Each structure stands twice: as C-alpha cells, then as structure tokens.
Amino acid sequence: MALSGAVRAARGRCARALRSAVPPAAGTGATRGTGDTRGTGATRGTGDTRGTGDTIFALSSAPGRCGVAVIRASGPGSGAALRSLTGTPEPPPRVMALRRIQDPQTTETLDRGLVVWFPGPRSFTGEDCAELHVHGGPAVVSGVLRALGRLPGLRPAEPGEFTRRAFAHGKLDLTAAEGLRDLIGAETEAQRRQALRQMEGDLGRLYQRWSHSLTQALAHLEAYIDFSEDDNVEEEVLTQVRVTVQALLQELRGHLRDGRRGELLRGGVRAVIAGPPNVGKSSLLNLLCRRPAAIVSPTAGTTRDVLEVALDIGGYPLVLSDTAGLRQATDPVEREGVARARARLCQADLVLAVLDATSVPPTPVALEAALAVLEPPPGTPCVLVLNKADLLGGHGGSLSATSAQGPPATLLSCGGSPSATGAQGQGPPATLLSCKTGEGLEALLELLTQQLAQLCGDPLLGSPSLTQSRHSRHLGACAAALERFGDLGDSGDLAVAAEQLRVARRELGRITGHVGAEDVLDIIFRDFCVGK
C-alpha cells in the first residue's frame, strides 16, 4: 500500500475506533462531536443550549432585602432587553453606567441603577450578557424581573443554567464549575481556598495533563499498530508507551490515596462527642457552639437523640454531633439512643472522647483503659477531653502532666495504634477542660485545629485534592483500565491494549467534560514522521 493510502487508512481506523469509544458525559445526557473546537469558542460538553436562541434572566445575588441586587441576562436578546429597560443604547463593554430602569410596556420608572454590558464571547457564559445592579428591595427586584419576563424571547433561568452555558461554550470545565459551586457555598477560610483553587482550574489542569499523556500514549500505540510492519515507527515506541502508562498509574494511585482530604474539607469533618452518661458531653457542645443548643441536666441519660451542629474551628469546617451516654441501658428509649450513638460513632471522621476527670486515675494506663470502654472505632483520630477540671483541686497538676505526655501535636487513632507521626504505646492527645468555667477551652480548640489540619491538609499546598465522590469513581475506573493495560504484557493483543487506554482516557474526560477523537489524531501526525 502506498504511504498516503496507509496514512488515510490509519486515520480512518483510528477515528472510527475512538468515536465509538466516546460516550456522552455522565449525567448530561448530551452528545459531543469529534471535530476540533480548540480555540474557536465552540461548544463542548452539554450541547443542549446551542441553537435554542432563547435568552435567560435571573436574580444572581442572594434573595431577600439587601442594599444592591444583581439581575443578570444571557443570550442573544440581552442587548435588546437592556435597551428596552433603559431606553438608551448599550453602554461601552464592561463599563458600568447609571441608567433609569423602566417598564417597557408602561414606561413607569422602576428604579435608578447601574447597568453593565458584556458582549460575547468575552462574558461569563460566552454569550451576550447584561447585568442590572438595582436597589435590593423586594418590590424593586420583582418589578424588574416581571418587566424582563414580559419581553419576547426571554425566560427565567433554570438553577445553574448560567454556569451550564459557560461550560457549553468552553468557558470552564466541569471541575471548575464544581469549584464555583463550592466557592459560593464555602463557609470557612479553608473551604474558600480549596474552592477558589479548583475554580481557577488547578484540578482541571492536573486531569488535562494526565489526559494529554494518555492521548499521546494512545496515539503512539495506534501508530505502532498501523505502521510498524512498514518500518515507519521505531520499536522503542511501544516501550515508551508502557513507561508513560506506568508512571501515570503511579501518580494516579497517589492522588487517590489522599485520605479524602478534599472531600472532608468540602463537606466538613464529622466529629462525634462520645462518652459515659453525665460527663459533660452536651455541655461541651454548648461551649463549642457558644449557645445552649443541647439540654443540660444532672440526670444521667438526658440526651437520647443525636444533635448535630456545624462549626468553624480554626478555618476548618466541623460537623459536631452530641450523642447519648454510652452504657448498658435498660430503658427502651435510652437503648435506642445508645444504638444511634454507636452508629454515629462508626461513621465519625474524628472522635471527641469525654471522660470525667475526677473519676480517672492520673496514669496513662488508666486513661487508655477508660477510653477503651467507649469502644471507639479503630483507626479513627481521637481527642481525649477530661472534663470537670474545676473539681480536681490539687490533683489537677498530676492529671494534666499525664495527659500532656508525648508531643501535643501527635495524632493517634482511637484504637491505640499510632499514626504516621506517632510513636508506639502513646495514647491519643488529651486535654483538661472545665465546661463550667471555660478553663482549658483554648487548649482544646488548638488541639482540634491541629487534628483538622492533619485530616484536611492545606488546600494551597501540593497537588489539588479530590473534592467529589464522582472524581474518585472515575479515577478508580481509569486506574483499573491502566492496570489491565499493564497486565497484558509485551505479548498481549495491542488492539486490546489500545482499548484499555481509550477506556482510561474516557474516564478522565468524564471528570472534566472534555473528550474528543481529533486530539489523538493530531498527535499521531504531529509526533510521527510517517513514511520516514
């Protein structure tokens, strides 16, 4: 076969194989073309907003009474809508202008506010966009929204539709869209840092780099399959493909072994206050959240159900649960409360084990024995809180010295086995506290911050963390495909090996929403001098 014919045949076989392997992105129900859309601003991803011609509008700021409300419109009719409501031409792009905003039908003045014009594609959605910054009174906002709704071709936006259009027009990938959603919902400094880093594309660029490596390996393997018999491709290409895949697999495994740091930071570390009855668990909850969230009574067994409170501890999110006292209960209702406490304890990311400081002998062995009675889940980080320190009198010093043995920042599991930074035989970090006087609260907060920092990590350091369970699912499937590729060995079927690379690449593409066959074809004819 002539060289040009071989090239055309190879391109056709590769394109057909890749197109058959590229399904819609998970959850979008959309289709993707295989044409090269890079640099054109063309749609990638959902596809369901293209060609509709409709213009959407919505209140973009938080609902309710406020100083300034922002109403946004996006679509081909945004400019006409802005002209209709202001009676003047659009202002210069991306320049705020003061305008009288009126009802187009009645010409009644609705408000006097600022307007901004964002002609596409230099806008958030990639379409023509307009924003109206009006006074945030309910009557003003509803009046402007009603006026927009009466204009032809405009309709209220569905939840998330502005961001979906931005994704469809290639303004951001799925990971960046998820980061934007997390940034809006962030309640702590650490959550904000992680969400902002993801929204700015750090996670997406990591996955795109891996996808590029896979695309390159697949292109080289396809070229080897098609042209090796004609001596157009060197033998060492296959070896290089295996080296690339193995290196990627190792990096991917390390990314998956992040201890769920990103997910914990995004959703909050689930901490459970556990201990015997009447040791001050509910008092500890009230002290940490600085309000009487739980009923406190000297009667043992007052707490029956699980009470949950969200807190910000040192910039990290903590979801704290108060539970029933752990003991052999005889009352049916209390037994159910203890069962729920045990179940919540098994789901905890962090345990605050509360003991009565007046009833614990001041020895490390006694402290560990008292903790073991609670049956905390092995491997779960734990903080031992010795409450009622105000009743110790002269015995507080010895118990404090006992609880402080070992480095304060040493983080050990509840089961007594040390973490990576701990030493064998040490118990979990402990602190004295008086919920009655508040003495020892600062030491406890510092200890909790250390625990949370180890569980969540610093969102600004190292590689970006996994933040979504769907990321873990697709990355796990990608790693499995790469492992199957490696299991084939040098004597395996190269067509089957190529299919495993396609599967791995497809799983990565489902995370970002970018999958295309032309990327592979471009590299085949860029990296290889076919006919050499």
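Residues numbered from 1 in each chain as written. Predicted model: local features only at pLDDT ≥ 70, side-chain atom pairs only at ≥ 80, totals over all residues. Heavy atoms only, no water.

Caption draft 1: Structural context of the pattern of salt bridges. Evaluated as defined, the whole model comprises 29 salt bridges. One salt bridge connects Arg 260 with Asp 349, and the closest N-O pair in it is separated by 3.5 Å. One end of the pair, Arg 260, is in the loop between helix 8 (236-256) and helix 9 (261-267); the other, Asp 349, is in the loop between helix 11 (332-346) and strand 10 (350-356), and 89 residues separate them in sequence. Exposure remark for Asp 349: the relative accessible area of 14% places this residue in the buried category. Across the salt bridge formed by Glu 334 and Arg 327, the nearest N and O atoms sit 2.7 Å from each other. Of the residues examined, Arg 327 reaches a relative accessible area of 36% and is grouped as partly exposed. What you see here is one network of salt bridges that share partners, running through Asp 54, Glu 127, Arg 155, Glu 161 and Arg 165. (Salt bridge = Lys/Arg side-chain N within 4 Å of Asp/Glu carboxyl O. Helix = DSSP H or I, 4+ residues; strand = E, 2+ residues; numbered from the N terminus. Buried < 20%, exposed > 50% of the residue type's maximum accessible area, 1.4 Å probe, protein only.)

Caption draft 2: View of the packing of aromatic side chains. For the coordinates displayed, the defined rule picks out one aromatic pair. On the numbers, 5.6 Å between centres and 45° between planes, the contact of Tyr 207 with Trp 210 is tilted. Of the two residues, Tyr 207 and Trp 210 are both situated in helix 7 (residues 202-227); the distance of three residues between them amounts to about one turn of the helix. In this pair, the class of Tyr 207 matches that of Trp 210, namely buried. Above the ring of Phe 162, the side-chain terminus of Arg 72 is found at 5.3 Å from the ring centroid. (Phe/Tyr/Trp six-rings, centres within 6.5 Å; stacked < 30°, edge-to-face > 60°. Lys NZ or Arg CZ within 6 Å of the ring centre and 35° of its normal.)

Caption draft 3: Summary view of helix 10 (residues 281-289). For helix 10, the tally of buried residues reaches eight of nine residues, placing the bulk of the element in the interior. Three or more residues of helix 10 are buried, namely Lys 281, Ser 282, Leu 284, Leu 285, Asn 286, Leu 287, Leu 288 and Cys 289. Where helix 10 is buried, its residues contact strand 7 (269-274), strand 8 (307-313), strand 9 (316-322), strand 10 and helix 14 (441-456). Remark: Arg 290 follows helix 10 within two positions and exhibits a positive phi of approximately 60°. (Contact = heavy atoms within 4.5 Å.)

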